[in-house]
Amino acid sequence: MATMRDVARLAGVSVATVSFVVNDSKPVAPGTRLRVEAAMAELDFRRNAVARALASRRTRIIALLFPVLQHRLSDTAARFFTGAAEAASELGYTVVLWPVANDSDSLRELTSDGLVDGVILMEVQLDDHRIDQLLAAKTPLTLIGRNRDPSGLDYVDVDFEGMVEQSIDRLQSLGHRDFVLLEESESPGLEGYGPAVRVDETFHAICAARGLRGRTLRCTATPAAGRAFASTLIAEAPEATAMLVLNEHAAVGLVSGLGRLGVSVPRDLSVVLIGSTIEISAMADPELAVVVSPAAELGRLGVETLVGRLDGTLGALRQELLMGEFHEGESLAPAP
């Protein structure tokens, strides 16, 4: 196995210079770096990750915090992860999924031992105590989401407000005036979940401003709960002709349950799925209209933002909202 001394001899530099390149611990002139890297490639020199971490005092590991036990994993969540992992790999970092509950105090284990260089928070609540813990520990962080007051924080997020308005615009253009918003039942420890609160507030504000009728109903995030909820919908909102769904786990079961009860989608009820994927919408029959979540892009942006902050290359705060594409599907029709 080649050593740093072998690389230094082939590149015509000192062992110390090779160490600076390998561990990224001190600046090296571009031409010198190229010679060292060429020698490393020729000799098949393998970087020692542990040694590099010790030398640079950085692990080049990023923790992605997602409360798996409180919020079920989904196709959408997986796209956040893959986008983040791809960006991290390109930037020389590794992403690890840290499945800790939002109401847990175990962040101390993550921050006190120097296990990670920084943290990306997902499933952000309006009053998210994890942010306070990480700031107190001086741990670099980026949000995929927003808390109540993110004015001093880097964040990237889905433009849920824009998604709701776009969906209502489309349904209203078809003559619909009686709306239902279906959200997930609140999970213990995820009170004040940002997307749910923002979607609900935007939905009711738009309905009030336009003279539309709107109400929010909730069910557990499972297909079985969606099927069972069909009866609840008919009983509690029999006049509704349009529905926005922020509960992708229940959506397919809901359409199935409505069909069993003789309610046709879209003849009797038009449905738009918010912040999900085309693959999930295609599981329903008929295929649901969906405002696609820009999940992979947000995962990538989250990593790029945190790494930019760690490397000192990101200047002003990054605070970005992204909209997804509206996919028509087969679940929209004029109001009956």
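About the criteria used
- Residues numbered from 1 in each chain as written.
- Predicted model: local features only at pLDDT ≥ 70, side-chain atom pairs only at ≥ 80, totals over all residues.
- Heavy atoms only, no water.
- Pairing = 2+ DSSP bridges.
- Helix = DSSP H or I, 4+ residues; strand = E, 2+ residues; numbered from the N terminus.
- Axes fitted to C-alpha atoms, helices over the stretch in contact; angles between N-to-C directions.
- Contact = heavy atoms within 4.5 Å.
- Core = buried A, V, L, I, M, F, W, Y, C linked by side-chain atoms within 4.5 Å.
- Buried < 20%, exposed > 50% of the residue type's maximum accessible area, 1.4 Å probe, protein only.
- Polar contact = N/O pair within 3.5 Å; in protein donor to acceptor, adjacent residues only side chain to side chain.
- Right-handed = clockwise from strand over helix to strand, strands pointing away.

Visitor: Before we move on, could you go through the sheet that holds strand β4 (residues 141-144) and cite the residues and values that matter?
Guide: Spatially, the six strands line up as an open sheet ordered β2-β1-β3-β4-β5-β11, and their pairing is parallel. The sheet terminates laterally at β2 (94-98) and β11 (319-322), the two strands that pair on one side only. Between one strand axis and the next, the sheet turns through 20 degrees on average, direction left out of account. Pairing analysis gives four bridges linking strand β5 (residues 155-158) to β11, with the strands arranged parallel. Residue pairing across strands places Val 156 opposite Glu 320, the latter belonging to β11. Its contacts with the sheet put helix α13 (residues 295-311) on β1 (61-65), β2, β3 (118-121), β4, β5 and β11, and the angle it makes with β4 is roughly 165 degrees.

Visitor: I'd like a rundown of the nonpolar core, residues and numbers included.
Guide: The nonpolar side chains of a soluble globular protein tend to be buried, and buried together. In terms of nonpolar packing, the biggest core is built from 45 residues, with Val 164, Ile 168, Phe 179, Phe 203, Leu 244 and Val 303 touching the most fellow members. For this core, the element with the highest residue contribution is α13, accounting for seven residues. Dropping the residues within four chain positions of it, Phe 203 is found in contact with Val 164, Ile 168, Phe 179, Val 180, Leu 181, Gly 214, Arg 215, Thr 216 and Leu 244. The next biggest cluster of nonpolar side chains, apart from the first, holds 27 residues, and it includes Leu 233, Ala 250, Val 255 and Val 271.

Visitor: Would you mind going over the environment of Arg 60 in detail, with residue names and values included?
Guide: Checked against the element boundaries, Arg 60 lands in the loop between α4 (49-56) and β1. The buried category is assigned to Arg 60, whose relative accessible area is 15%. Taking the C-alpha atoms as reference points, Arg 60 and Thr 94, separated by 34 residues in sequence, lie 6.4 Å from one another. A polar atom in the side chain of Arg 60 sits 2.9 Å from the backbone oxygen of Gly 92.

Visitor: Pulling in residues and values, what's your account of the pairing of strand β8 (residues 242-246)?
Guide: Most of β8 is tucked away: five of the five residues are buried. Residue alternation in β8 divides its side chains into two sets, Ala 242, Leu 244 and Leu 246 and Met 243 and Val 245, and both sets are buried. Inspection of the sheet shows strand β6 (residues 178-184) paired to β8 by five bridges, in the parallel sense. Considered in β8, the bridge of Val 180 is made with Met 243. Taken together, the four bridges between β8 and strand β9 (residues 270-276) define a ladder with parallel strand orientation. The partner of Val 245 across the bridge, within β9, is Leu 273. Handedness of the crossover joining β8 and β9 through helix α11 (residues 248-260) is recorded here as right-handed.

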